[in-house]
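Each chain, letter by letter, is given below.
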Amino acid sequence: MCIFCGDFIANVHWTDVKNNATSEVIVGDLQRVRQQARNERVHFINIILVFYQLKLTDWNGSKFILSDLKGTTSIVHDLGSLWAEVEKRIGYAIDPLSTNLRDKIESSDDR
């Protein structure tokens, strides 16, 4: 049973709009292209999140699920709120210029 079926998208993130001029969500024939782009973003984000022992998965093309190695999960409504949730989960601010993070990303075979 789906308990979130009635959950609507309150705010459409700019990565999920048809173009930057409108807030129209891509549907119909372009839905496959939109979903492929979401999957690619999740893939690249996971290259970074593995450094923090976290993983992001797409949930039904509308939200994301952030999980850790313990199995704790949280719903992330859009990519704009992802990094705040990651920082909350790990307990400190992310430093995108961290040498350790950069080295981990550069050595990743998944790029």
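Described in the following lines is the structure provided in the data block. Quick caveat: nothing in here was measured; it's all calculated off a predicted structure.

About the thresholds
Each residue is numbered by its place in its chain's sequence as written, counting from 1. In keeping with the predicted nature of the model, local features appear solely for residues at pLDDT of at least 70, side-chain atom pairs appear and are counted solely at 80 or more, and the whole-chain, interface and lining totals rest on all residues. Excluding hydrogens and water, the side-chain figures rest on all heavy atoms present in the structure. The rule for a salt bridge is simple: a side-chain nitrogen of Lys or Arg has to be within 4 Å of a carboxyl oxygen of Asp or Glu. Counting from the N terminus, the helices are the DSSP runs of H or I reaching at least four residues and the strands are the DSSP runs of E reaching at least two. Exposed residues in this analysis have more than 50% of their type's maximum accessible area, buried residues have under 20%, and partly exposed residues fall in between, with area computed by a 1.4 Å probe over protein chains only. Side-chain atoms within 4.5 Å link the members of a nonpolar core, which is a set of buried Ala, Val, Leu, Ile, Met, Phe, Trp, Tyr and Cys residues. Contacts between residues were defined by any pair of non-hydrogen atoms, one from each residue, lying within 4.5 Å. Any two strands are treated as partners once DSSP identifies two or more bridges connecting them. A helix is expected to span 1.5 Å for every residue after the first.

1. Describing the pattern of salt bridges
Pairing between side chains of opposite charge can happen when the charged atoms of each approach one another.
(1) Moving on: One pass over the full model with this rule turns up three salt bridges.
(2) Moving on: Notably, a salt bridge pairs Asp68 with Arg89, separated by 3.5 Å at the nearest N-O pair. With Asp68 in strand β2 (residues 63-68) and Arg89 in helix α2 (residues 82-90), this residue pair connects regions lying 21 residues apart in the sequence.
(3) Moving on: You can call Asp68 buried: its relative accessible area is 17%.
(4) Moving on: Overall, the relative accessible area of 23% leaves Arg89 in the partly exposed class.
(5) Moving on: Taking the shortest distance from any N to any O, the salt bridge between Glu106 and Arg102 comes out at 3.8 Å. Remark: Arg102 and Glu106 occur in helix α3 (residues 99-107); sequence separation between them is four residues, near one turn of the helix.
(6) Moving on: On the basis of relative accessible area, Arg102 is assigned to the partly exposed category, the value being 40%.

2. Some words on the nonpolar core
(1) Moving on: One finds Leu49, Leu56, Leu66, Leu82 and Val86 to be the most contacted residues of the largest nonpolar core, which totals 14 residues.
(2) Moving on: Mapped onto this core, the elements with two or more residues apiece are α1 (31-49), β1 (54-59), β2 and α2.
(3) Moving on: Element by element, the count of residues in this core is highest for α1, at three residues.
(4) Moving on: In this structure Leu66 touches Leu49, Leu54, Lys55, Leu56, Thr72, Thr73, Ser74, Val76, Leu82, Glu85, Val86 and Arg89, once residues within four positions along its chain are discounted.

3. A short note on the environment of Trp83
(1) Moving on: Tracing the backbone through its elements, the reader meets Trp83 in helix α2.
(2) Moving on: Excluding anything up to four places from it in sequence, Trp83 contacts Ile45, Ile48, Leu49 and Ile94.

4. Looking at the pairing of strand β3 (residues 73-76)
(1) Moving on: Burial along β3 is one-sided: Ser74 and Val76 are buried, while Thr73 and Ile75, pointing the other way, are not.
(2) Moving on: Here four bridges tie β2 to β3, and the two strands are oriented antiparallel to one another. Each bridged residue has a counterpart across the sheet, and for Ile65 the counterpart in β3 is Ile75.
(3) Moving on: Counting the residues that bridge the hairpin from β2 to β3 gives four residues, and of these Gly71 lies at a positive phi of roughly 90°.

5. Description of α1
(1) Moving on: In this model α1 runs 26 Å from its N-terminal to its C-terminal C-alpha over 19 residues, within 8% of the 27 Å that 1.5 Å per residue would give.
(2) Moving on: The set of residues buried in α1 consists of Arg34, Arg38, Val42, Ile45, Asn46, Ile47 and Leu49.
(3) Moving on: Turning to α1, the residues buried within the fold contact β1, β2, α2 and α3.

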